[in-house]
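Observations on the three-dimensional arrangement
Residue strings, one per chain:
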Amino acid sequence: MQDTITKPLLKWYGENKRVLPWREKKNPYEIWVSEIMLQQTRVEAVKPFYERFMRELPNVAALAVCPEEKLLKLWEGLGYYNRVRNMQKAAQKIMEVYDGVFPADYEALKGLPGIGNYTAGAVASIAFCIPVPAVDGNVLRVMARLREDGEDILKQSVKNRVEAELTEIMPAEDPGAFNQAMMDLGAMVCLPNGAPKCEVCPLFDQCLAGQHQTWTEYPFKKSAKPRRIEDRTVLLFLDGAHTAVRKRPKKGLLAGLYEFPNFDGVLSEQEALEEAEKFGVTPLHIQALPPYKHIFSHVEWHITGYAIKIAGNDVEQEGEEKAGLIFADAKTAAERYAIPSAFAEYAKYTDLERA
DNA sequence: AAATCGGGGAC
DNA sequence: GTCCCAGATTT
């Protein structure tokens, strides 16, 4: 039973595997960084972030002591920002508890912040040749189709069962290749949307969904709860040289990142001007900006934007803080502060008055 | 078990 | 619009 899957799979992998930056080397740090970035994130999206991150922070020691602002800039636009904060906590733990050496142990890896079953399996198998499975969305899809298993793949019980099944058939020689082969198969052949390429699949002969052409039914996922919609109003303060940003709270959505001042609900021009005055600036003119819809996983922001020209003498110096706002040159702000996409959308209007 | 946490590409 | 991506953590 084992060979009917592993043999053709590994043969296919040897001939078709993708060339990826993190596959060139096998040191645990490089594997780990790639796996964290790849959580819920497509390979093509990760590539440029990975190259830059490895250049700036080439080892555990460098990551452990990196200032948070720099860390967030390196992650800016990648999303799920707790990933990088957890990664730094893990780096610090490795320095302190493991004397700077990555633990070559599955359970020890799972004990590091941000490393769950999947990532522990991936790092253990790829970097340390430990025969443990790495079950991600690709693997769950491949397995559901192979078995025509209609259970909800989001259920923990299903993940546990798939892990157990794979543990039985894992080859001891190169478990990393086996795990990556399953994932490459899911990403390149057993496609999530549209028709899978069953005609080139090395596992077609043992795939029930392939044989019965029932692949549209697998994997099954309980439909997600609809996102709630929130109205927000963003204010872009402009005095000809500066714009205003502020740091978001330490917890919750986009924690610790920077934003343009914004408010719950849809503010009228009058209300926006009143809010502006509370910051101690003198609004001279207000202009509506194009509305923008930003979609997160579980919430959707419908954003109303205003550009508000303020008196030039409101801001006396670069980087000045005033009522919780940081006034800075737009270009400087972009270089210094991590601004997530929802707000970066409005950064393109910072030179509005010069137009 | 359900909710939270980003962003973007493919259809 | 929908789906889903080399998921983990908190509630």
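Chain A appears in an unreviewed UniProt entry as Adenine DNA glycosylase from Fusicatenibacter saccharivorans. Regarding chain A, the UniProt comment filed under Sequence similarities (unreviewed entry) reads as follows: "Belongs to the Nth/MutY family."

Things to note about helix 10 (residues 156-169)
The terminal C-alpha atoms of helix 10 lie 20 Å apart, and with 14 residues this matches the ideal 20 Å at 1.5 Å per residue to within 8%. Within the sequence span of helix 10, burial applies to Val-158, Val-162, Glu-163, Leu-166 and Ile-169. Taken around the axis of helix 10, the buried residues stretch over an arc of 135 degrees, which confines them to a single face.

Overview of the pairing of strand 1 (residues 228-238)
The pairing of strand 1 with strand 6 (residues 299-310) spans 11 bridges and is classified as parallel. The residue bridging Leu-238 from the neighbouring strand is Lys-309, located in strand 6. For strand 1 and strand 4 (residues 262-264), the ladder comprises 3 bridges, and the chain directions are antiparallel. Its bridge partner being in strand 4, Arg-232 is matched across the sheet by Asp-264.

Observations regarding the protein's contact with DNA strand B
Near DNA strand B you find 20 residues, and of these Tyr-80, Tyr-81, Leu-254, Ser-297 and His-298 are the closest. In DNA strand B, the atoms that sit within 4 Å of the protein are 58% sugar and phosphate, with bases accounting for the remainder. Here a sugar or linking oxygen of DNA strand B and a backbone polar atom of Tyr-80 are 2.8 Å apart. Residue Ser-341 places a main-chain N or O atom 3.2 Å away from a phosphate oxygen belonging to DNA strand B. The class makeup of the residues in the surface near DNA strand B is 7 nonpolar, 9 polar and 4 charged.

Digging into the sheet that holds strand 5 (residues 283-295)
Sheet strands line up and pair through hydrogen bonds in the backbone, either parallel or antiparallel. Taken together, the 4 strands give an open sheet; going across it, the order is 4-1-6-5, and neighbouring strands pair in mixed fashion. Edge positions in the sheet fall to strand 4 and strand 5, since each has one partner strand and no second. Sheet twist, expressed as the mean angle between neighbouring strand axes with direction ignored, is 20 degrees. The sheet strands contacting helix 13 (residues 269-278) are strand 1, strand 4, strand 5 and strand 6, and the helix crosses strand 5 at an angle near 110 degrees.

Concerning the domain arrangement of chain A
The domain architecture assigned to chain A consists of domain 1 (2-217) and domain 2 (228-354). Distance between the C-alpha centres of domain 1 and domain 2: 38 Å. Between domain 1 and domain 2 lies a buried interface of about 800 Å² when both sides are counted; carbon and sulfur atoms form 47% of it. Sorting the residues of domain 1 by area buried against domain 2 places Glu-69, Lys-73 and Tyr-81 first, and these three jointly supply 53% of that buried surface.

As for the packing of aromatic side chains
Taken as a whole, this structure holds 11 aromatic pairs when the rule is applied. Their ring planes at 65 degrees and their centres at 6.1 Å tell us that Tyr-29 and Trp-32 sit as a pair that is edge-to-face. Here Tyr-29 pairs with Trp-32, and both are found in helix 2 (residues 28-38), just 3 residues apart, close to one helical turn. This pair shows no difference in class: Tyr-29 is buried, exactly as Trp-32 is. Cation over ring: Arg-232 sits above Trp-301, and NZ or CZ is 5.6 Å from the ring centre.

Some points on the UniProt feature "domain: HhH-GPD" (unreviewed entry) in chain A
Within the UniProt annotation, "domain: HhH-GPD" (unreviewed entry) is assigned to residues 37-188. Note that residues 37-188 is 66% helix and 0% strand, and that its end C-alpha atoms are spaced 19 Å apart.

Structural notes on the pairing of strand 2 (residues 243-247)
Two faces, one strand: in a regular strand the side chains alternate between the faces of the sheet. With respect to burial, strand 2 is a largely interior element, 4 of its 5 residues being buried. The sheet contact formed by strand 2 and strand 3 (residues 258-259) spans 2 bridges and is antiparallel. The residue bridging Arg-246 from the neighbouring strand is Glu-259, located in strand 3.

Remarks on helix 5 (residues 68-75)
Working note: α-helix, 3.6 residues per turn, so residues spaced by three or four point in the same direction. Where helix 5 is concerned, the buried positions are Leu-71, Leu-72, Lys-73, Leu-74 and Trp-75. Positive backbone phi, approximately 95 degrees, marks Gly-77, located one or two places after helix 5.

Re the packing of helix 5 against helix 6 (residues 82-97)
In contact at an axis separation of 9 Å, helix 5 and helix 6 are set at 135 degrees when each is read in the N-to-C sense. Between helix 5 and helix 6, the crossing angle belongs to the class labelled oblique. The crossing of helix 5 and helix 6 is right-handed. Counting all contacts with helix 5, which are made through Glu-68, Leu-71, Leu-72 and Trp-75, the residues of helix 6 involved are Arg-83, Val-84, Arg-85, Met-87 and Gln-88.

The rules we used
Residues numbered from 1 in each chain as written. Chains lettered and ligands numbered in written order. Predicted model: local features only at pLDDT ≥ 70, side-chain atom pairs only at ≥ 80, totals over all residues. Heavy atoms only, no water. UniProt positions renumbered as here; feature names shortened; annotations may be inferred. Helix = DSSP H or I, 4+ residues; strand = E, 2+ residues; numbered from the N terminus. Expected span 1.5 Å × (residues − 1). Buried < 20%, exposed > 50% of the residue type's maximum accessible area, 1.4 Å probe, protein only. Arc of directions from axis to C-beta. Pairing = 2+ DSSP bridges. Near = heavy atom within 4 Å. Polar contact = N/O pair within 3.5 Å; in protein donor to acceptor, adjacent residues only side chain to side chain. Nonpolar A, V, L, I, M, F, W, Y, C, P; charged D, E, K, R; others polar. Axes fitted to C-alpha atoms, helices over the stretch in contact; angles between N-to-C directions. Contact = heavy atoms within 4.5 Å. Domains from an automatic or database assignment. Buried area = accessible area lost by both parts, 1.4 Å probe. Phe/Tyr/Trp six-rings, centres within 6.5 Å; stacked < 30°, edge-to-face > 60°. Lys NZ or Arg CZ within 6 Å of the ring centre and 35° of its normal. Parallel < 35°, antiparallel > 145°, perpendicular 65-115°, else oblique. Left-handed = near helix turned anticlockwise from the far one by under 90°.

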